[in-house]
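# Chains, contacts and geometry: an overview
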Amino acid sequence: MTDVLDRSSSARNDDDAAATAATAATTPTPAVTPDYPIQAQPAPRMSTRAKLVLFLLCAANFMVAVDFSILNIAVPSIGKDLGISEANLQWVSTAFALPSGGFLLLSGRIGDLAGRKKVFVSGTVVFTVASLIAALAWIPAVLLAARALQGVGAAMIVPTGMALLTTSFPEGPQRERALGINGTLMTVGFTAGMVLGGVLTQAFTWRSTMVLNTVLGAVVLVGAPRLLTESRNPHSTKLDIPGAVTVTTALLALIYALSTAAQVGFGRADVVGGLVAGVVLMAAFVTIESRTAEPLVSLRILRRRSVAVGNLGGLVTFATMSSVVFLGTLLLQQVNGMSPTLTGLVFGVMGTAAAVGGVLAPKLIGRFGTRATLIGGLVWQGLLTAPLALVGPSTATILLLTVASAAAFGHLAAIVAYGVTATSGLSDSEQGLATGLVTTSQQVGLTIGIPLFSALASARSDSLKAAGHTAKDALTGGIQLGLGADGLVVLAVAALVWLGLRTSRKTRTQ
């Protein structure tokens, strides 16, 4: 299990001095959403310009979502082409994950101050140029440097792009429609990356995956200067530098430690040091944020049970489902010997099931309420993921096509419900802060999930190898443990979310 690790709005109210650093809503987020059936209102017709703006911003977020997963299937080919050892292949993904997760909050705040359009366009330039460099990389160092630059660009695009989206559409049905379309495309983008990565790698080479990102970036850059209107927070006058430094360093340390642990285990000094440093710096960040006038993250918002518990559910559902995709990829390719194209198509079925979940989630919320949909989605995902602990070479394809795809349906229902839960019951001035936390939960979940469960699987594989099992059997055993633990974690968090939201509801009624 020393293989690849890959991944895969706005200050809604500019009068709030602590406006969000990043907002990537995966679902429409009304100002106040009660936990009872919601009567949807038809969105007003969009002008041609508004449609072009929506297309442009959705294309940018789709591009980033694709990049989280497009190299998952291509990494073995990259290793052979550039001579990257198996032990170092994980850096192809880690080099992207570190900056994309670590600089998210900082980039969003810079956009609030300097101008979101400016940061968005700059980030797209960085991402596009980096993708071209990656496509032309001739040695491992060039590829890893390009992947790191892609991560920096992604960290600039996501928060500012979503902020521009929400400020481009008026509050109400039109904004909700825009966020719903964008959220669906971001989810589909992660799965599309798997499919495209397999097809392009087999039909051409792995380099064609990076050419695709270059083309998408160029399309965005053609339209962005003409279509987008500058947006910033006029009342946010300074950057919380101590908070930015501590949280960015903390995220970098944690992501590095988890990614490295997937290769060497949790016992090595740099892994332990990274985990300790990350926890200590996060504690320091909380202290700093409680004392600054313009924090990156409002602790006042986090004290609301629905916000904290809702984001916990969102972080875990993203982390665990991305891990299912990654571990399933290893099983199909490295145990079953399935081609990249067929592997991508298997996960295309899962993506279709997820898209259906996203379409039906608003109806489920209208019928059962946000809490029930969130908890039900998590339970459904967990119950259908845990049995994958029994997956083997002979059953991998059918189980991933059926059971894992059904789990993806619950995953999307949970995503939509967590976005609504984590932003409900708040005043208009608090919505930007709350949706910023939704974004952060999503990005951090995508960043840490794969290395965390891969580390667990790696430890099990190493143990089986030491006990005399073949490399294939050891790899299978490690994947089985990772998938089983994945499902159990979702179920445990579902119980915590149920308890937290139940307690929150009782408190409000007393």
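Residues numbered from 1 in each chain as written. Predicted model: local features only at pLDDT ≥ 70, side-chain atom pairs only at ≥ 80, totals over all residues. Heavy atoms only, no water.

### Focus on the overall build of the chain
To keep it simple, the criterion reads: Numbering of helices and strands runs from the N terminus; a helix is a DSSP stretch of H or I covering at least four residues, while a strand is a stretch of E covering at least two. Residue burial is assigned from relative accessible area. The probe radius is 1.4 Å, only protein chains are included, and a residue is buried under 20% of its type maximum, exposed over 50%, and partly exposed in between.
When helices and strands are counted, the chain shows 17 helices and zero strands. Scored against the burial criterion, the 510 residues of the chain give a buried share of 59%.

### Quick notes on the pattern of salt bridges
Spelled out, the test is: Each reported salt bridge corresponds to a side-chain nitrogen of Lys or Arg within 4 Å of a carboxyl oxygen of Asp or Glu.
Tallied over the entire structure, the rule returns two salt bridges. Arg-207 is the partner of Asp-81 in a salt bridge, and the nearest nitrogen-oxygen pair spans 3.2 Å. Of this pair, Asp-81 sits in helix α2 (residues 75–82) while Arg-207 sits in helix α8 (residues 207–227), placing them 126 residues apart in sequence. By relative accessible area, Arg-207 is classed as partly exposed at 21%. Note that Arg-268 is salt-bridged to Asp-270, the shortest N-O span being 2.8 Å. Residue classification places Arg-268 among the partly exposed positions, given a relative accessible area of 40%.

### As for the packing of aromatic side chains
For clarity, the cut-off: Ring geometry is summarised as follows: Phe, Tyr and Trp rings, the Trp one being its six-membered ring, pair when their centres sit within 6.5 Å, and such pairs are stacked at plane angles under 30 degrees, edge-to-face over 60 and tilted between the two.
Going through the model one piece at a time under the given rule, you end up with one aromatic pair. Centroid distance Phe-318 to Tyr-418: 6.3 Å. Interplanar angle 85°. Geometry classified as edge-to-face. Pair noted here: Phe-318 is in helix α12 (residues 305–335) and Tyr-418 is in helix α15 (residues 396–421), with a separation of 100 residues, a long-range link. Classification of Phe-318 as buried rests on a relative accessible area of 8%. Residue Tyr-418 is classed as buried on the basis of its relative accessible area, which comes to 0%.

### Describing α8
Put simply, the rule reads: A helix is expected to span 1.5 Å multiplied by its residue count minus one.
With 21 residues, α8 extends 31 Å from end C-alpha to end C-alpha; this agrees with the ideal 30 Å at 1.5 Å per step. Here α8 has its buried residues at Ser-208, Thr-209, Met-210, Asn-213, Thr-214, Gly-217, Val-220, Gly-223, Ala-224 and Leu-227.

### As for the packing of helix α1 (residues 48–69) against α8
The condition is simple: Inter-axis angles, ranging from 0 to 180 degrees, are taken between N-to-C directions of lines fitted to C-alpha atoms, where helices are fitted over the stretch in contact. Roughly parallel means an angle under 35 degrees; roughly antiparallel, over 145; roughly perpendicular, 65 to 115; everything else is oblique. Should the near helix be turned anticlockwise from the far one by less than a right angle, the crossing is left-handed, and should it be turned clockwise, the crossing is right-handed. Residues are treated as being in contact if the distance between any of their heavy atoms lies within 4.5 Å.
Contact geometry for α1 and α8: axes closest at 10 Å, N-to-C directions at 150°. Relative to α8, the element α1 is oriented roughly antiparallel. Every pair of crossing elements has a handedness; the one defined by α1 and α8 is left-handed. For the pair α1 and α8, contact is made by Arg-49, Leu-52, Val-53, Leu-56, Ala-59, Ala-60, Met-63, Val-66 and Asp-67 and by Met-210, Asn-213, Leu-216, Gly-217, Val-219, Val-220, Gly-223, Ala-224, Arg-226 and Leu-227, respectively.

### Description of the environment of Leu-52
Relative to the assigned elements, Leu-52 resides in helix α1. When the C-alpha positions of Leu-52 and Gly-223 are compared, they lie 8.5 Å apart, and in sequence the two are 171 residues distant.

### Regarding a nonpolar patch on the surface
In plain terms, the rule: Patch membership needs two things, relative accessible area over 30% and no salt bridge, and members are linked within 9 Å if like-charged or within 5 Å if nonpolar (Val, Leu, Ile, Met, Phe, Trp, Tyr). We get accessible surface area from the Shrake-Rupley algorithm with a probe of 1.4 Å; when it comes to residues, only the shown protein chains can shield them.
Taken together, the side chains of Phe-55, Val-211, Val-215 and Val-219 define a hydrophobic patch exposed on the protein surface, amounting to about 360 Å² of accessible area. On the secondary structure map, Phe-55 appears in helix α1.

### Re the nonpolar core
The tendency in soluble globular proteins is for nonpolar side chains to be buried as a group. Note the following rule: Throughout, nonpolar core names a set of buried Ala, Val, Leu, Ile, Met, Phe, Trp, Tyr and Cys residues whose side chains join them through atoms within 4.5 Å.
By size, the foremost hydrophobic cluster in this structure holds 77 residues, and its most contacted members are Phe-120, Leu-228, Leu-327, Met-350, Leu-374 and Val-497. Looking at which element gives the most residues to this core, the answer is α15, with 13 residues.

### A look at the confidence of the model for the chain
Here is the rule: Residue-level confidence of the predictor is summarised by pLDDT, bounded by 0 at the bottom and 100 at the top.
Overall, the predicted model of the chain reaches an average pLDDT of 77, with 79% of residues at or above 70. Counting contacts from residues 1–41, a segment whose pLDDT is below 50, to residues more than four positions away or on other chains yields 210 contacts.

### Looking at the packing of helix α4 (residues 104–114) against helix α5 (residues 116–136)
Cut-off, in case you're wondering: When residues are grouped by polarity, Ala, Val, Leu, Ile, Met, Phe, Trp, Tyr, Cys and Pro land in nonpolar, Asp, Glu, Lys and Arg in charged, and all others, Gly among them, in polar.
Running from amino to carboxyl end, α4 crosses α5 at an angle of 130°, the nearest separation of the two axes being 6 Å. The angle between α4 and α5 falls in the class oblique. Where α4 abuts α5, its residues Ser-107, Ile-110, Gly-111, Asp-112 and Ala-114 lie against Arg-116, Lys-118 and Val-119. When its residues are assigned to classes, the contact of α4 with α5 shows three nonpolar, two polar and three charged.

### Some remarks on the side chain of Thr-214
Defined as follows: Here a polar contact is taken to be a pair of N or O atoms separated by no more than 3.5 Å, where protein atoms must pair a possible hydrogen donor with a possible acceptor and residues adjacent in sequence count only if both atoms sit in side chains.
Looking at the secondary structure, you find Thr-214 in helix α8. Overall, Thr-214 belongs to the buried group, its relative accessible area being 16%. Looking at Thr-214, its side chain comes within polar contact range of the main-chain nitrogen of Leu-132, at 3.2 Å. A polar side-chain atom of Thr-214 sits 2.9 Å from the main-chain carbonyl oxygen of Met-210. When residues no more than four places from it in sequence are discounted, the contact partners of Thr-214 are Thr-128, Ser-131 and Leu-132.

### Re the environment of Phe-453
Secondary-structure assignment places Phe-453 in helix α16 (residues 428–466). Owing to a relative accessible area of 6%, Phe-453 belongs among the buried residues under this scheme. The contact partners of Phe-453, leaving out residues within four places of it in the chain, are Thr-320, Ser-323, Leu-327, Gly-482, Ala-485, Asp-486 and Val-489.

### Details of helix α14 (residues 370–385)
Two residues of an α-helix separated by three or four positions point the same way, owing to the 3.6 residues in each turn. Counted at 1.5 Å a residue, the expected span for α14 with its 16 residues is 22 Å, and the 22 Å between its end C-alpha atoms agrees. Listing the buried residues of α14 in full gives Thr-370, Arg-371, Thr-373, Leu-374, Ile-375, Gly-377, Leu-378, Gln-381, Gly-382 and Thr-385.

### Some points on the environment of Gln-202
Looking at the secondary structure, you find Gln-202 in helix α7 (residues 173–203). Sequence spacing of Gln-202 and Leu-342 is 140 residues, and the spatial spacing of their C-alpha atoms is 9.9 Å. The residues contacting Gln-202, other than those within four sequence positions of it, are Ser-339, Pro-340 and Thr-341.

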